[in-house]
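Close look at the chain arrangement
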Amino acid sequence: MADGELRGHPASRGPRDGRDAEVVTGATGTAGDVEDAQESDAARRRRRAQFLRELHEAKQLRDRVQPRRARAARMRQQMRMRTFRW
């Protein structure tokens, strides 16, 4: 990962900012809390989708850079599928 990508990662953050704290500790149940929770859920889905895209790209790159390892992995997968019992 590049340094710029780590800034958005939840584990790299320090203490939670005020908005997140309100969502977690908000006991009033106002409409603003619900909107913040939905927004954070949408943001989490966006971050997850970005992570999965980058992971897929990294796997493709590894397969291109190490063709012998990729071929061996394909052969192992084929063998697992041949010996799998339904």
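Residues numbered from 1 in each chain as written. Predicted model: local features only at pLDDT ≥ 70, side-chain atom pairs only at ≥ 80, totals over all residues. Heavy atoms only, no water.

Digging into the overall build of the chain
Condition: Strands here mean DSSP runs of E at least two residues long; helices mean DSSP runs of H or I at least four residues long; both are numbered from the N terminus. Per-residue accessibility takes into account occlusion by the displayed protein chains alone, with areas from the Shrake-Rupley method and a 1.4 Å probe.
Secondary structure assignment for the chain yields four helices and zero strands. Mapped from its N terminus to its C terminus, the chain presents α and β elements in the order α-α-α-α. With the model as given, the accessible surface of the chain reaches about 8000 Å², and the carbon-plus-sulfur share is 54%.

Focus on the pattern of salt bridges
Opposite charge on two side chains permits them to pair, given that their charged atoms come into close proximity. Formally: Salt bridges are identified by distance alone: a Lys or Arg side-chain nitrogen within 4 Å of an Asp or Glu carboxyl oxygen. For the exposure calls, accessible area comes from a 1.4 Å probe over protein chains only, and a residue counts as buried if that area is under 20% of its type's maximum, exposed if over 50%, partly exposed in between.
Following the criterion strictly, the structure yields two salt bridges and no others. Notably, a salt bridge pairs Asp41 with Arg44, separated by 3.4 Å at the nearest N-O pair. Of this pair, Asp41 and Arg44 both sit in helix α3 (residues 31-65), three residues apart, which is roughly one turn of that helix. The partner of Asp41 in a salt bridge is Arg45, with the nearest N and O atoms 2.5 Å apart. Residue Asp41 and its partner Arg45 are both found in helix α3; the two are separated by four residues, about one turn of the helix. Take Asp41: its relative accessible area is 31%, and that puts it in the partly exposed class. When salt bridges with common partners are traced through the structure, they connect Asp41, Arg44 and Arg45 into a single cluster.

So, a nonpolar patch on the surface
The test is simple: Two distance rules govern patches: like charges are joined within 9 Å, and nonpolar side chains (Val, Leu, Ile, Met, Phe, Trp, Tyr) within 5 Å, applied only to residues with over 30% relative accessible area and no salt bridge.
A cluster of nonpolar side chains, contributed by Phe51, Leu52 and Leu55, occupies part of the molecular surface with about 250 Å² of accessible area. Here Leu55 shows up in helix α3.

Some words on a positive patch on the surface
The condition is simple: Neither His nor the chain ends is counted toward charge; the positive residues are Lys and Arg and the negative residues Asp and Glu. By convention, charge coordinates are those of NZ in Lys, CZ in Arg, CG in Asp, or CD in Glu.
Taken together, Lys59, Arg62, Arg69, Arg76 and Arg80 make up a surface patch of like positive charges. Elements represented by at least two residues in the positive patch include exactly α3 and α4 (67-83). Sorting elements by how many residues they give to the positive patch places α4 first, with three residues. The topology assignment puts Arg76 in helix α4.

Examining the confidence of the model for the chain
Our working rule: Confidence of the predictor at the level of single residues is given by pLDDT, which spans 0 to 100. Residue contacts are counted whenever heavy atoms from the two residues lie within 4.5 Å of one another.
On average, residues of the chain score 76 in pLDDT, and 62% of them reach the 70 mark or higher. Mean pLDDT across the elements of the chain ranges from a minimum in helix α2 (residues 18-25), with 48, to a maximum in α4, with 92. Low pLDDT, under 50, characterises residues 15-26; the stretch is placed with 11 contacts to residues that sit more than four places away or in other chains.

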